[in-house]
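Chain and residue survey
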Amino acid sequence: MLTVVLSGLRARWASFLGGFVALALGVGLLATLGLGLSATLHAPERPPQRFASSPVVVQGQDRLTLDVRRGPGTASVAQRLDRPQPVDSELLRELEARWPVTPSGGPDAVGVAAPAAEVRALVGDRAQVLTGDERRRADPDHDRDADALVGVNALLGTSGGVTAFVSVFVVASTFAFAVALRRREFGLLRTAGATPGQIRRLLLAEASALGVLASAAGCALGAAGAPLLARALVDGGLAPAWFTVGGPVWPFHAAFWTGVAVALAGAVAASRRAGKVGPTAALREADVDADALPLGRALLGTGLLLAGLGLLVWTYATDPSALLKRKTYTTLPMLLITGIALLSPLLVRPAARLLRLRGAVGTLVRENSAASVRRTAAVAAPVLVTVALAGTLFGSAASVTRAKGAEGREQTVAEYVVSGPALRPVTAPAGAVVSPTGPTSVFVRDGDAAVVKYGARAVTDPAAFAELTRLPVVAGDPRDLDDRSIVVNEEFERRRVGETVEVWRADGTGPVRLRIAAVLALGTGDNGPYVTRANAPGSVPDRIDARGGGTAAVRALEASGGTVRTADAWAEAARPSNGSPQARLGMVLVLGIALVYTVIGLANTLLMATSVRGGELASLRLAGATRAQILRVVTGEATLAVAIGTLLGLAVTALVLGTLGAGLAALSAPVALALPWATVGAAAGVCAAVAIAASALPAWRLTR
């Protein structure tokens with residue numbers, strides 16, 4: 001068996017080349033991304049900076065710790081405060097009375113030159129006692145390194161998922177189409193006495209050999225590509241400057257065995273079909289596909305399509321805000337893509353029949369595409385993947401960004417908006433209304449099993465704030481906001497006007513019971529909650545809305561130290577229409593992976609399909625067709641298949657964007673959908689160019 005397998009691989013190397021390249025590239029990408037992911041799991045250990053010379057640091061509490069229910073008992077959960085609490089003045093006097101104390105620029109921590117055990121005995125639970133590497137927790141923004149890796153981790157994880165999905169898709173399609181082209185060969189083997197089991201084992205052995213060789217090559221590619229990925233992430237601003245990949249071996253093991261498993265998984269369905277080929281297949285003269293959609297494929301495709309549609313509807317009905325998250329609109333379309341791709345043979349023939357082209361060339365393009373359903377569907381499927389990912393990724397991101405920008409602009413009636421960190425107080429001139437607000441946080445129990453931290457806004461002047469804002473109010477009135485109340489959104493568990501909610505402030509003080517003055521629609525996620533400055537300790541305004549007062553108001557706003565813009569200019573700057581460069585680079589990476597695989601799949605499929613059409617093309621020449629006409633027929637079929645794949649991809653995009661629009665409407669957010677025609681058109685154009693070249697070159701050689 002091994003001799004037969006190796007001889008077959010050597011004799012048909014061209015038909016396996018596309019699958020080998022796709023699998024090697026997929027394993028290489030998985031190894032590269034795995035090495036990158038391993039580097040994001042642990043931030044570099046940095047020595048303490050603020051209290052480097054102090055053996056012991058006493059710091060105020062930087063966590064809010066509350067007991068919640070866990071099963072029949074309780075457990076403690078901790079939420080990080082916006083900033084550590086100051087060290088108690090009485091405790092500070094006790095420390096200074098016994099040991100040398102080193103203050104360092106703030107009331108939240110002091111260094112103590114004393115034995116740690118004695119300091120802990122004195123401090124008790126009034127503050128934290130930090131020693132060794134734990135002293136880093138007293139440094140400003142000590143978690144910045146770990147926080148910087150969160151986005152990189154999400155990007156590489158998503159890219160790895162897309163790589164695995166597309167590689168399985170392309171490899172499975174390649175094996176399935178290669179098996180379809182070998183029907184007569186299998187018929188001859190059956191005539192010679194081969195059993196269906198032997199045919200299946202032959203194909204699985206070929207897939208195993210291909211998987212081992214391609215996975216080994218892919219691991220070598222991954223070792224070379226990981227440093228390049230790290231450099232690209234740093235240069236693109238996605239990762240901090242110190243980011244580098246390490247040398248763990250588990251990503252290579254994971255990528256290698258994933259590649260072998262992908263090769264076997266792609267060959268399983270094809271081998272089952274090959275085992276059903278009868279001896280009479282060797283006598284067939286016609287290549288019309290009569291069984292292009294087996295029952296198993298039809299059931300699987302229908303199930304995946306219904307599952308994708310059901311998840312879209314369920315997400316819209318239960319949690320429409322999830323539709324706005326990148327994780328959702330990156331992963332959810334994959335079910336729809338796979339389902340429609342599996343069912344594409346049902347759509348190919350009707351779509352081809354709808355084509356109305358004049359002349360003999362148009363007739364041949366239409367009839368050949370309708371008759372060769374497998375070939376047309378095999379070309380359309382990878383195009384569907386690329387176009388759908390381009391439309392859903394870029395379209396959803398642009399739509400969410402537009403909705404956020406429109407929402408922010410609609411919620412203020414100010415003439416001018418000042419933005420910047422730590423704005424100075426502004427005295428409103430005559431005839432002007434000025435409303436400073438700043439960031440803060442509130443902690444609220446969600447039932448008895450969780451504590452939720454909400455990013456909130458602190459309002460300095462509730463009357464001016466109510467005059468200059470147009471919030472999406474569901475119930476109540478924001479003008480009733482005062483030091484004993486809160487404005488919440490629909491995400492809160494308790495959200496009835498007049499009810500009281502138990503809140504811990506940003507510094508962990510509390511709880512305080514605040515009356516709900518108004519309830520806001522959730523929107524795109526930035527609607528509330530709102531509290532007054534009395535319930536936002538440490539908050540400093542970073543935005544000032546103003547209206548009226550003329551040039552005197554502008555001069556007063558400029559004295560705040562921030563950037564003064566008109567409301568329209570502020571909205572444009574706060575929510576740029578094209579999204580952040582980092583997010584765009586991440587989407588380009590994901591789309592680039594899909595596009596590379598699509599190019600490989602298209603080139604391999606069309607080179608194989610056209611290379612075995614020598615007899616058909618020769619018959620056309622004998623019937624009087626010129627070489628140019630034959631080339632137009634072959635390239636026309638490829639173009640038609642790409643067009644069908646593009647239309648199917650646009651259908652998936654329409655489903656996802658339509659559901660996203662419905663979700664925005666359900667959240668009372670502006671519906672501002674955007675279809676990225678330029679990106680989709682570029683992806684479809686690349687697919688068309690590759691398809692035309694991959695079909696024209698072998699046809700030109702065969703018609704010499």
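Look up a bit, the structure's there.
Here we summarise the structure given alongside this text. What you see is a predicted model; the values in this text were computed from it and never measured.

So, on to the overall build of the protein chain. On a plain count of helices and strands, the protein chain comes out with 20 helices and 16 strands. Overall, the C-alpha framework of the protein chain stretches about 100 × 60 × 50 Å when taken along its three principal axes. Evaluated residue by residue, the protein chain yields a buried proportion of 48% over its 704 residues. Once local pairs closer than 6 in sequence are excluded, the contacts in the protein chain between residues at least 24 apart make up 81%. Summed over its atoms, the accessible surface of the protein chain is roughly 31200 Å², and 61% of this surface lies on carbon and sulfur atoms. In the protein chain, 68 positive and 52 negative side-chain charges are present, and the distance between their average locations comes to 14 Å.

Taken together, Asp319, Asp446, Glu491 and Glu493 make up a surface patch of like negative charges. Within the secondary structure, Asp319 sits in the loop between α9 (295-318) and α10 (326-342).

Turning to the packing of helix α13 (residues 373-410) against helix α16 (residues 567-574), a few remarks are in order. Viewed as axis vectors pointing N to C, α13 and α16 meet at an angle of 150°, and their least axial separation amounts to 9 Å. As far as their axial angle goes, α16 and α13 are roughly antiparallel. Where α13 crosses over α16, the handedness of that crossing is right-handed. Here α13 contributes Gly405, Gly408 and Arg409 to the contact with α16, which in turn contributes Ala567, Asp568, Trp570 and Ala571. Tallied by class, the residues present in the contact of α13 with α16 amount to three nonpolar, two polar and two charged.

Applying the stated criterion to the full structure yields 14 salt bridges. Measuring nitrogen to oxygen at the nearest pair gives 3.3 Å for the salt bridge that ties Arg63 to Asp62. Asp62 sits in the buried class, given a relative accessible area of 4%. With its nearest N and O atoms 3.2 Å apart, the salt bridge here joins Asp82 to Lys453.

On to the side chain of Ser435. Relative to the elements of secondary structure, Ser435 occurs in strand β8 (residues 433-446). Take Ser435: its relative accessible area is 2%, and that puts it in the buried class. For Ser435, the contacting residues outside a window of four places in its chain are Asp461, Ala464, Phe465, Leu468, Arg543, Ile544 and Asp545.

Consider a sheet: its strands pair through backbone hydrogen bonds, and that pairing is either parallel or antiparallel. A sheet is described by the order of its strands in space; here four strands give the open sequence β4-β5-β1-β6, paired in antiparallel fashion. On the outer flanks of this sheet lie β4 (101-103) and β6 (128-131), each paired with one strand and no other. Strand-to-strand twist of the sheet, defined as the mean angle between neighbouring strand axes without regard to direction, takes the value 30°. Sheet contacts for helix α4 (residues 116-123): β1 (56-59), β5 (109-112) and β6; angle to β6, the most-contacted strand, approximately 170°.

Let us now look at the environment of Val451. Locating Val451 in the fold gives a position in strand β9 (residues 450-459). Take Val451: its relative accessible area is 10%, and that puts it in the buried class. Sequence separation between Val451 and Gly187 is 264 residues, and the spatial gap between their C-alpha atoms is 66 Å. Ignoring any residue separated from it by four or fewer positions in sequence, one finds Val451 in contact with Leu66, Val68, Val77, Gln79, Phe443, Val444 and Arg445.

Now for helix α12 (residues 359-371). Taking 1.5 Å of rise per residue, 13 residues should cover 18 Å, and α12 covers 18 Å from first to last C-alpha, within 8% of that figure. Turning to α12, its buried residues number three or more, namely Gly362, Val365, Arg366, Asn368, Ser369 and Ala370. For α12, the elements touching its buried residues are α11 (344-354), α13, α18 (614-622) and α19 (627-666).

Think of a pair of aromatic rings as described by two things: how far the centres are apart, and how the planes are tilted against each other in angle. Tallied over the full model, the rule gives three aromatic pairs. With 5.0 Å between their ring centres and 90° between their planes, Phe256 and Trp257 make a pair best called edge-to-face. You can call Phe256 buried: its relative accessible area is 17%. Consider the rings of Tyr454 and Phe492, whose centres lie 4.3 Å apart with planes at 20°: the pair is stacked. Here Tyr454 is found in strand β9, whereas its partner Phe492 is found in the loop between β11 (485-489) and β12 (500-504), with 38 residues between them in sequence. In this pair, the class of Tyr454 matches that of Phe492, namely buried.

Bringing the nonpolar core into the picture now. Grouped together as the largest cluster of nonpolar side chains are 73 residues, with contacts concentrated most on Val166, Ile337, Leu384 and Val652. In terms of residues, this core owes the most to one element, α13, which gives 15 residues. Dropping the residues within four chain positions of it, Ile337 is found in contact with Phe165, Leu384, Val385, Ala388, Leu389 and Val652. Listed in part, the 16 residues of the second largest apolar core include Val442, Val444, Tyr454 and Val531.

Attention shifts here to the environment of Gly663. In this structure, Gly663 sits in helix α19. Sequence separation of Gly663 and Ala322 is 341 residues, and the distance between their C-alpha atoms is 8.8 Å. Discounting residues that sit within four places of it in the chain, Gly663 has contacts with Tyr316, Pro320 and Leu323.

We now examine the pairing of β8. Where burial is concerned, most of β8 is hidden: eleven out of the 14 residues are buried. As paired strands, β8 and strand β15 (residues 543-547) are joined by five bridges and run antiparallel to one another. From the neighbouring strand, Pro436 faces β15, where its bridge partner is Ile544. Two strands pair when backbone bridges link them, and β8 and β9 are joined in this way by ten bridges, in the antiparallel orientation. Across the sheet, the residue bridging to Thr440 is Ala456, located in β9. Where β8 folds back onto β9 in an antiparallel hairpin, the turn is made up of three residues, including Gly447, whose phi is positive at roughly 70°. Here β8 pairs with β12 via two bridges, running antiparallel. Bridge pairing links Phe443 to Trp504 in β12.

Contact geometry for α12 and α13: axes closest at 5 Å, N-to-C directions at 90°. Accordingly, the angle class assigned to the pair α12 and α13 is roughly perpendicular. Between α12 and α13, the contacting residues are Asn368, Ser369, Ala370 and Ala371 on the first element and Val373, Arg375 and Thr376 on the second. Of the residues that constitute the contact of α12 with α13, the class distribution is three nonpolar, three polar and one charged.

Moving on, we come to unusual backbone geometry. In this structure, Pro511 follows Gly510 across a cis peptide bond, with omega equal to 5°. By the secondary structure assignment, Pro511 is in the loop between β12 and β13 (512-520). Non-glycine residue Ala422 carries a positive phi angle of around 50°. Assignment of secondary structure puts Ala422 in the loop between β7 (416-419) and β8. For Ala422, a relative accessible area of 54% corresponds to the exposed category.

So, about a nonpolar patch on the surface. Side chains of Leu306, Leu309 and Leu655 sit close together on the surface and give an oily, nonpolar patch of about 240 Å² of accessible area. Relative to the helices and strands, Leu655 resides in helix α19.

Bringing the environment of Asp483 into the picture now. Inspection of the secondary structure puts Asp483 in the loop between β10 (473-476) and β11. Here the alpha-carbon distance between Asp483 and Leu514, two residues 31 residues apart in the chain, equals 8.3 Å. Polar side-chain contacts of Asp483 include one of 2.7 Å to the side chain of Thr532.

Procedures and definitions
Residues numbered from 1 in each chain as written. Predicted model: local features only at pLDDT ≥ 70, side-chain atom pairs only at ≥ 80, totals over all residues. Heavy atoms only, no water. Helix = DSSP H or I, 4+ residues; strand = E, 2+ residues; numbered from the N terminus. Buried < 20%, exposed > 50% of the residue type's maximum accessible area, 1.4 Å probe, protein only. Contact = heavy atoms within 4.5 Å. Areas by Shrake-Rupley, 256 points an atom, 1.4 Å probe, with all protein chains shown as cover. Lys, Arg positive; Asp, Glu negative; His and termini not counted. Charge placed at Lys NZ, Arg CZ, Asp CG, Glu CD. Patch = residues over 30% accessible without salt bridge, like charges linked within 9 Å, V, L, I, M, F, W, Y side chains within 5 Å. Salt bridge = Lys/Arg side-chain N within 4 Å of Asp/Glu carboxyl O. Axes fitted to C-alpha atoms, helices over the stretch in contact; angles between N-to-C directions. Parallel < 35°, antiparallel > 145°, perpendicular 65-115°, else oblique. Left-handed = near helix turned anticlockwise from the far one by under 90°. Nonpolar A, V, L, I, M, F, W, Y, C, P; charged D, E, K, R; others polar. Pairing = 2+ DSSP bridges. Expected span 1.5 Å × (residues − 1). Phe/Tyr/Trp six-rings, centres within 6.5 Å; stacked < 30°, edge-to-face > 60°. Core = buried A, V, L, I, M, F, W, Y, C linked by side-chain atoms within 4.5 Å. Polar contact = N/O pair within 3.5 Å; in protein donor to acceptor, adjacent residues only side chain to side chain.

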